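Architecture at a glance
Given next are the chains, with one letter for each unit.
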Amino acid sequence: MTTNEDTLYATGAVEEDFAFNDRVAEVFDDMLNRSIPYYRTVIDGMAQLLACRLAPRATLYDLGCSTGTTLLELARRLPDMGFHYIGIDNAPAMLDKARRKSAMFNKSEVLQFKEGDITSCPLPLAAGIICNYTLQFLRPLTRQAFVGRIFDALPEGGIFLLSEKTISHASRLNRDFIEIYHNFKKKQGYSELEIAAKREALENVLIPFSLDENIALLREAGFEEIETFFKWFNFTAIVALKR
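Below: a short report on this structure. For every chain, the first residue of its written sequence is number 1, and the numbers climb from 1 along that sequence. With pLDDT at 70 or above as the cut-off, local features in this predicted model cover only qualifying residues; side-chain atom pairs require 80 or more to be listed or tallied, and sums for whole chains, interfaces and linings still use all residues. Each side-chain value is worked out from all heavy atoms of the structure, with water and hydrogens disregarded.

What to know about the pattern of salt bridges
The cut-off we apply is this: Here, a salt bridge means any side-chain nitrogen of Lys or Arg that lies within 4 Å of a carboxyl oxygen of Asp or Glu. Comment: elements are numbered from the N terminus, with helices defined as DSSP H or I runs of at least four residues and strands as E runs of at least two. When accessible area is computed with a 1.4 Å probe and restricted to protein chains, residues below 20% of their type maximum are described as buried, those above 50% as exposed, and intermediate ones as partly exposed.
Tallying each qualifying case throughout the model produces eleven salt bridges. The partner of Lys101 in a salt bridge is Asp29, with the nearest N and O atoms 3.0 Å apart. One end of the pair, Lys101, is in helix H4 (residues 92–104); the other, Asp29, is in helix H1 (residues 22–35), and 72 residues separate them in sequence. Note that Arg243 is salt-bridged to Glu225, the shortest N-O span being 3.7 Å. Placement of the pair is Arg243 in the segment after strand E7 (235–241) and Glu225 in strand E6 (residues 225–232), with a sequence separation of 18 residues. A relative accessible area of 37% means that Glu225 is categorised as partly exposed. The network of salt bridges with common partners includes Arg40, Asp44, Glu73, Arg76 and Arg77.

What to know about the pairing of strand E4 (residues 126–132)
To keep it simple, the criterion reads: At least two bridges found by DSSP between two strands are what make those strands a pair. Seen with its strands pointing away from the viewer, a crossover is right-handed if its path from the first strand over the helix to the second goes clockwise.
Counting buried positions along E4 yields seven of seven residues, so the element is predominantly enclosed. As defined by bridge partners, strand E1 (residues 59–63) adjoins E4 across four bridges and the pair is classed as parallel. Bridging from a neighbouring strand, Asp62 pairs with Ile130 of E4. The pairing of E4 with strand E5 (residues 159–165) spans five bridges and is parallel. Paired with Ile130 across the bridge in E5 is Leu161. A crossover links E4 with its parallel partner E5, the connecting element being helix H5 (residues 143–153), and its sense is right-handed.

Section: the environment of Phe229
Note the cut-off: Contacts are residue-level and defined by heavy atoms, with any inter-residue pair within 4.5 Å sufficient.
Locating Phe229 in the fold gives a position in strand E6. Separated by 38 residues in the primary sequence, Phe229 and Ser191 place their C-alpha atoms 31 Å from one another. Once residues lying within four places of it in the same chain are set aside, the contact partners of Phe229 are Val42, Gly45, Met46, Leu49, Leu161, Ala237, Ile238 and Val239.

Laid out in structure tokens, this is it:
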């Protein structure tokens, strides 16, 4: 499937806050590849952790699955595990793209995509749950209840994988991390104008927590075994196990 190039903010104009609409869905895969450092490296780490922790034919949920890239990549990396993959998202345009990709790569039998509210949808038989750069889009006051619901949905031995853009409370280092990230985006072909415009569009939509704040959410929910398995400046991936 051809990936359309992300030129949404090429003019520097910001007409509305960032939203997961048709326009974004069409360029989202390119946006991910050029905006999230080591995106597939993180998915590779997830695949290895899932292979360690889950039994064959387990059910795995991706909450906020967008265009299904995470589940497609996991299915490609773990063909012998026989996992049942379920992606849930509230954006129809994203799910349409996910289903088209799944069919193109002959994964429709193992991948299922559902439209739903990830803060309230049922999660039957969940052995593993993924939130790949999803929590940061939920209102901060709702995040503790959301993580608590994930904990409750998992069985003993269940695994939760969380990837997030994070902030540092060390203000000078936080500025350095942001500058390093902007340089990364420039190397991916984004202009200063595009970077500034997208940052403005996301300002009231993507609200990152620090690593410590995310770990505190997990601990408060009941997770005891928690580790960072990937970190690149202001991007972090965490694994949490339910005893």
